[in-house]
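# Notes for the structure review
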Amino acid sequence: MVAESHMRRAIAAAAEARLVASPNPWVGAVVVDKDDRVVGIGATSAPGGDHAEIEAIASAGALCRGSTLYSTLEPCCHRGRTGPCTDAISKVGIAQVVYGIDDPDPRVAGRGAERLREMGVAVTSGVLHSEIEAQLAAYVCHRRTGRPFVILKLAATLDGHIALADGSSSWITGDAARADVHRLRAESDAILVGAGTVRADDPRLTARDFAPSDSTIDGPFDPRRYVLGSAIPDAAMVAPATIVGGPLTEVLDQMGADGVLQLLVEGGAEVAAQFARADLVDRFIIYYAPALAVGDDAVSMFAGSAVESMAELVRGRFDTVTRIGEDIRVEVVPVSRGANL
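Residues numbered from 1 in each chain as written. Predicted model: local features only at pLDDT ≥ 70, side-chain atom pairs only at ≥ 80, totals over all residues. Heavy atoms only, no water.

## A short note on the packing of aromatic side chains
- This model, assessed by the stated rule, comprises zero aromatic pairs.
- A cation over an aromatic ring shows up here: Arg18 above the ring of Trp26, its NZ or CZ 3.8 Å from the ring centre. (Phe/Tyr/Trp six-rings, centres within 6.5 Å; stacked < 30°, edge-to-face > 60°. Lys NZ or Arg CZ within 6 Å of the ring centre and 35° of its normal.)

## Considerations on the pairing of strand β5 (residues 122-125)
- Two strands pair when backbone bridges link them, and strand β4 (residues 96-101) and β5 are joined in this way by four bridges, in the parallel orientation. The residue of β5 that forms the bridge with Tyr99 is Ser125.
- Where the polypeptide runs from β4 across helix α4 (residues 111-118) and back to β5, its parallel neighbour, the crossover connection is right-handed. (Pairing = 2+ DSSP bridges. Helix = DSSP H or I, 4+ residues; strand = E, 2+ residues; numbered from the N terminus. Right-handed = clockwise from strand over helix to strand, strands pointing away.)

## Quick notes on a nonpolar patch on the surface
- Taken together, the side chains of Leu158, Leu292 and Val294 define a hydrophobic patch exposed on the protein surface, amounting to about 340 Å² of accessible area.
- Along the chain, Leu292 falls in the loop between β12 (283-289) and β13 (299-300). (Patch = residues over 30% accessible without salt bridge, like charges linked within 9 Å, V, L, I, M, F, W, Y side chains within 5 Å. Areas by Shrake-Rupley, 256 points an atom, 1.4 Å probe, with all protein chains shown as cover. Salt bridge = Lys/Arg side-chain N within 4 Å of Asp/Glu carboxyl O.)

## Concerning the pattern of salt bridges
- Here the structure, examined in full by the defined rule, presents 19 salt bridges.
- Taking the shortest distance from any N to any O, the salt bridge between Arg183 and Glu187 comes out at 2.8 Å. Of this pair, Arg183 and Glu187 both sit in helix α7 (residues 175-187), four residues apart, roughly one helical turn.
- For Arg183, a relative accessible area of 24% corresponds to the partly exposed category.
- For Arg323, the salt bridge identified is with Glu326, shortest N-O distance 3.8 Å. Of the two residues, Arg323 and Glu326, neither departs from the other in class, the shared state being exposed. (Buried < 20%, exposed > 50% of the residue type's maximum accessible area, 1.4 Å probe, protein only.)

## Topic: the sheet that holds β5
- With mixed pairing, the five strands of this open sheet are ordered in space as β2-β1-β3-β4-β5. Each edge of the sheet is formed by a strand with only one pairing partner; in this case those strands are β2 (38-43) and β5. Neighbouring strand axes in the sheet, compared pairwise and without regard to direction, differ in orientation by 15 degrees on average.
- Together, β1 (28-32), β2 and β3 (68-73) form the strand contacts of helix α2 (residues 52-60), whose direction differs from that of β2 by roughly 145 degrees. (Axes fitted to C-alpha atoms, helices over the stretch in contact; angles between N-to-C directions. Contact = heavy atoms within 4.5 Å.)

In structure tokens, the structure reads:
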């Protein structure tokens, strides 16, 4: 369908905006003239800059009159750091707006579409809804729950171990998988690890090996860093990190209030188990290496005693399985958390 083709252009435009837009939604927009030609493309700028719709309008210029605007997210109708996109859309004479998903932000939540209709702009919604909700999963989760979208990342042997009996874990997976993790860090607002991981590995937790495909987007892309537990004075990364403790729900509530839309939980086994048992994981991302620890002395992915019955299993569904160099990346969505996709 033509509408889907144009919306895919908008989705592609939104992809790189993910790196700069947060805590705003990473949105893409295109302007299409009466002859179905794309005449303008835009994506969300860094906070304080233009929204995707405004960028697309500026790109199209005078060709906006009588055109159709495709946007991945419902245009905003409120004044924040910038003015309402709905007013700008009407002012330049755009005849129709097609968008993917309603904005869950309570300041919008259907009011953007309503305002456009009041101003005589035709509105269609729901085009490629599922794909766009997946692209904006972290933003949608944050606006619906007030908490960040939690990704639990693990790197393991095929038999489910993240470190050997002597505690060594560098490196279970290969270069390509580690580079992919750096991309995941760049897309996240914050990383959390346990104090035990800091003591054992002294990780930097940066996105130093990531480079965006769009060379005009400047880094660095290092996320905020949190340590669950006590400070480790001699650790390389603790100085710029925040030490957090107490119930995990309170930690997530505070992160959400601080504008963390996506939290990457990187370890170790005790922290992973705490998040999984508390049903606080929105997505598991596990990198499996073609290697075996072969024995019970190695460190398992999750610390503590296993569940005691089949009814207690943490169930999920496979979302994607991807070959990353010599390793495999498996993404699993817990059944209980599917609504936050």
